[in-house]
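Spelled out from the first residue to the last, the chains are:
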Amino acid sequence: YGVNYEPGPARVFGKRSMPMLAGRALRRERHLLVPPFHGDAMNATGTIIRDVTLDTFGRLVPDETFLVRDVATLFARDVILRSVFGVEAPRDLDAFRQASVDFNKCFEYMAFMWMAAFHFDLDWLPPNRRLASARGRLETLLVDAIERARAGGLNGAAILNKVVAARYDDGAAM
């Protein structure tokens, strides 16, 4: 994956992501993104949430100690992967899980946090290289999911289907 020349928070989120927008640009994007996450649009995720709940908690072993945070993280990630991105195949789920774990690990390194705090946006530094690599793997999976949604290849309940179908007032896609 190539070098990421975006400074500061854009290094993590991307220049055109929601956290980087403000004012009219933010309102324009929110206008398209909010409807798929409200009311009837969310009712279809109930089955997915039930299935992920049974799967996640079914793996717990009686009388074995576990961290609630770890179980909650697994649960939340799988609900998002299945309901938002339509990821269903075990191999695809494993790839997404690993990519998201690798991406999140980048923020556990104290060196990355210090560099971010003091705006050391040097791409050759190891924490930034790790982030660029992990972000690249996750981004590749996300782009693939978006392309599958555009081609009609995701399950019908996936929220991503509604997001890629959304159009601005001028008819342009997001």
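For the structure, see preceding data.
A brief look at the structure comes next. (Residues numbered from 1 in each chain as written. Predicted model: local features only at pLDDT ≥ 70, side-chain atom pairs only at ≥ 80, totals over all residues. Heavy atoms only, no water.)

**As for the overall build of the chain**
Alright, step 1. When helices and strands are tallied, the chain shows nine helices and zero strands.
Alright, step 2. Element order for the chain, N to C, with α for helix and β for strand: α-α-α-α-α-α-α-α-α.
Alright, step 3. Seen through its C-alpha atoms, the chain measures out along the principal axes to roughly 55 × 45 × 25 Å.
Alright, step 4. Buried residues in the chain amount to 34% of all 174 residues. (Helix = DSSP H or I, 4+ residues; strand = E, 2+ residues; numbered from the N terminus. Buried < 20%, exposed > 50% of the residue type's maximum accessible area, 1.4 Å probe, protein only.)

**Observations regarding helix α5 (residues 68-84)**
Alright, step 1. Taking 1.5 Å of rise per residue, 17 residues should cover 24 Å, and α5 covers 23 Å from first to last C-alpha, within 8% of that figure.
Alright, step 2. Within α5, the full set of buried residues consists of Val71, Arg77, Asp78, Val79, Leu81, Arg82, Ser83 and Val84.
Alright, step 3. On its buried face, α5 is in contact with α4 (45-58), α6 (90-105) and α9 (159-165).
Alright, step 4. Downstream of α5 by a residue or two, Gly86 has a phi angle that is positive, lying close to 65°. (Expected span 1.5 Å × (residues − 1). Contact = heavy atoms within 4.5 Å.)

**Focus on the pattern of salt bridges**
Alright, step 1. Scanning the entire structure with this criterion turns up eleven salt bridges.
Alright, step 2. One salt bridge in this structure joins Arg137 and Asp102, with 3.3 Å as the shortest N-O distance. Placement of Arg137 in helix α8 (residues 126-150) and of Asp102 in helix α6 is noted, with a sequence separation of 35 residues between them.
Alright, step 3. Three or more residues are tied together by salt bridges with common partners; here these are Asp55, Arg59, Asp78, Arg82, Asp94 and Arg97. (Salt bridge = Lys/Arg side-chain N within 4 Å of Asp/Glu carboxyl O.)

**Brief notes about the side chain of Asp78**
Alright, step 1. Tracing the backbone through its elements, the reader meets Asp78 in helix α5.
Alright, step 2. On the basis of relative accessibility, which here comes to 2%, the residue Asp78 falls in the buried class.
Alright, step 3. With residues up to four places along the chain from it excluded, the contact list for Asp78 reads Val52, Arg59 and Arg97.

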